[in-house]
Amino acid sequence: MNLMPKLAARREAGKPVRAALIGAGKFGSMFLSQVPHIAGLEVAVIADLDPERAKTACRNVGWEEARIARTRFVDDGAAAARADGVEVVLEATGHPAAGARHALAAIEAGRHVVMVNVEADVLVGPVLARKAQAAGVVYSMAYGDQPALVSEMVDWARAAGFTVAAAGKGTKYLPAYHNVTPDDVWTHYGLTPEAAKAAGMNPQMFNSFLDGTKSAIEMAAIANSCGLDVPEAGLAFPPCGVDDLAQVLRPRAVGGQLERDGMVEVVSSLERDGRPVFRDLRWGVYVVLKAPNDYAAACFKQYGLPTDATGRYAAMYKPFHLIGLELSISVLNAALRGEPTGMTRGWRGDAVAVAKRALTAGEMLDGEGGYTVYGRLMPAAASKSCRGLPIGLAHGVRLTRDVAAGQPVTEADVTLDESQPIVSLRRELAATAW
């Protein structure tokens, strides 16, 4: 609650918070739209593979030409991460290998890192976070995205003395979505391919939200940040509205659908027959609390908090998240407080590639949201044991043997380029005791 007074003091001292943004896509553009309205925050450098496109993004979100003229635009993310005078680096490319490379460059240069790139964070985030800690800089999740918002709610619940029974988000889900490809994704969003193309919407990216991959990645990030457990069989996506969160997301031993307290889960905004869930949480996040004693449980009832049938479980939720419009919260926390807005602290969950259809040796995998695989949430221990191929490494690699539909792809099924730094970081992750 003290960010703005702290920022005002920096501004009055002539020392604004200066950031570098790597990746001027949708998330980055939303952040850029807010920057002119936050006195004392400056974006000194913007890196994008196409700097002219980045300038166009700035104009599209309302930047004046004078602000664009005093901003440096480059096509090299690592150079932006090392730029003079930059305190905080925002990695928003969405590309796992590039994200890890840019984060390492920032850490080595003594810059704080805000990792918008959840794909990179789930692939090798625990290693990056440990390197940042050793270097004395902040490695943070991106506020506005679900993992950071859920991490905040979990921290609040524990700081108030509650047990966290469950935490996660809502989404639109049906089991058939796991098999959707970029060819038929727009029908599920109520769009024509022509309308989506005119709006500049990438079918593979949007398909990753629909086919369950993004949910797997985000829940792995939350598990790794909050020390929560991952369902053994992967996410169940139970249909559930906000009024029923505490009833559904509690252990099976007391009538719920979870294995035990302390789990991540995603709730669907659709019933299995396709009907909309009443008062759904499609755009929001939640935490289910467990009262530590009868007195606290009685307080739940006295203050109108909806509970489960036992009265011991209750839910708090945030119905919306604003993505990049909230990203400055992470930048300011890192620069002014030296604190992350959520941070990977261990390896509890992984997002593993699973075959969408029967795959044959010689086929090339096309990664997140593509035609060949989707990401399934898996306990990190199980992923390590079976040598599951993380979805972040499942792009542009060739199968060496057949994989049946619905089966996880393992590292033994593909040929990885061991010379790639991202593969080395993944090996470091798997070799470390967490």
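Below or above, wherever it landed, is the structure these notes cover. (Residues numbered from 1 in each chain as written. Predicted model: local features only at pLDDT ≥ 70, side-chain atom pairs only at ≥ 80, totals over all residues. Heavy atoms only, no water.)

Considering the overall build of the chain
Part 1 of the reasoning: Summing up its helical and strand segments, the chain has 17 helices and 14 strands in all.
Part 2 of the reasoning: Relative to the 2.2 N^0.38 estimate, which gives 22 Å for 434 residues, the radius of gyration of the chain is 22 Å and therefore close to what a compact globule would have.
Part 3 of the reasoning: Overall, the chain is about 60 × 60 × 50 Å in size when its C-alpha atoms are taken along their principal axes.
Part 4 of the reasoning: Here the chain holds 434 residues, and the buried ones make up 56% of them.
Part 5 of the reasoning: Once local pairs closer than 6 in sequence are excluded, the contacts in the chain between residues at least 24 apart make up 74%.
Part 6 of the reasoning: Surface accessibility of the chain: about 18,300 Å² in total, with carbon and sulfur atoms responsible for 53%.
Part 7 of the reasoning: Side chains of the chain give 45 positive and 47 negative charges; the mean places of these two sets differ by 3 Å. (Helix = DSSP H or I, 4+ residues; strand = E, 2+ residues; numbered from the N terminus. Rg over C-alpha atoms; globule rule 2.2 N^0.38 Å. Buried < 20%, exposed > 50% of the residue type's maximum accessible area, 1.4 Å probe, protein only. Contact = heavy atoms within 4.5 Å. Areas by Shrake-Rupley, 256 points an atom, 1.4 Å probe, with all protein chains shown as cover. Lys, Arg positive; Asp, Glu negative; His and termini not counted. Charge placed at Lys NZ, Arg CZ, Asp CG, Glu CD.)

Observations concerning the layout of surface pockets
Part 1 of the reasoning: What the second largest pocket holds in volume is close to 560 Å³.
Part 2 of the reasoning: Lining the second largest pocket are 22 residues, and of these Glu152, Asp155, Pro340, Thr341 and Gly342 sit closest to its centre.
Part 3 of the reasoning: Sorting the residues of the lining of the second largest pocket by element identifies helix H8 (146-159), helix H12 (213-226) and helix H15 (328-337) as the ones contributing at least two each.
Part 4 of the reasoning: Grouping the constituent residues of the lining of the second largest pocket by class yields ten nonpolar, six polar and six charged. (1 Å grid on protein atoms, 1.4 Å probe; cavity = no way out; pocket = protein on both sides within 12 Å on 5 of 7 lines; lining within 4 Å. Points joined across faces, edges and corners; volume = space filled by probe spheres on them. Nonpolar A, V, L, I, M, F, W, Y, C, P; charged D, E, K, R; others polar.)

A look at the environment of Met263
Part 1 of the reasoning: Here Met263 shows up in strand E8 (residues 263-268).
Part 2 of the reasoning: Distance from Met263 to Gly227, taken between C-alpha atoms, is 9.2 Å for residues 36 residues apart in sequence.
Part 3 of the reasoning: What Met263 contacts, discounting residues up to four positions off in sequence, is Ala165, Ala166, Ala167, Leu228, Asp229, Val230, Pro231 and Leu258.

Considerations on the sheet that holds strand E9 (residues 285-290)
Part 1 of the reasoning: Strand order in the open sheet made by the four strands is E8-E7-E9-E10, with mixed pairing throughout. With partners counted over all chains shown, the strands left at the sheet margins are E8 and strand E10 (313-318), one partner each. Neighbour-to-neighbour, the strand axes of the sheet open up by a mean angle of 25°, direction not taken into account.
Part 2 of the reasoning: With six bridges connecting them, strand E7 (residues 163-171) and E8 associate as parallel partners. For Lys169, the partnering residue across the bridge sits in E8 and is Val266. (Pairing = 2+ DSSP bridges. Axes fitted to C-alpha atoms, helices over the stretch in contact; angles between N-to-C directions.)

Examining the packing of helix H7 (residues 118-135) against H12
Part 1 of the reasoning: At their nearest, the axes of H7 and H12 sit 9 Å apart, and the two run at 55° to each other. Relative to H12, the element H7 lies oblique. The way H7 lies across H12 gives a crossing that is left-handed. Where H7 abuts H12, its residues Val118, Glu119, Asp121 and Val122 lie against Lys214, Ile217, Ala220 and Ala221. (Parallel < 35°, antiparallel > 145°, perpendicular 65-115°, else oblique. Left-handed = near helix turned anticlockwise from the far one by under 90°.)

Concerning H8
Part 1 of the reasoning: With 14 residues, H8 should cover 20 Å at 1.5 Å per step; its first-to-last C-alpha distance of 20 Å lies within 8% of that length.
Part 2 of the reasoning: Its buried side turned inward, H8 meets H7, strand E6 (139-141), E7, H12, E9 and E10. (Expected span 1.5 Å × (residues − 1).)

With respect to empty space enclosed by the protein
Part 1 of the reasoning: Under the definition given, this model contains one cavity of 30 Å³ or more.
Part 2 of the reasoning: In this model, the largest cavity occupies a volume close to 60 Å³.
Part 3 of the reasoning: Looking at the largest cavity, the residues that line it are Met115, Val116, Val118, Asp121, Met141, Ala142, Asp145, Pro147, Ala148 and Ala221.
Part 4 of the reasoning: Of all the secondary-structure elements, those providing two or more residues to the lining of the largest cavity are H7 and H8.

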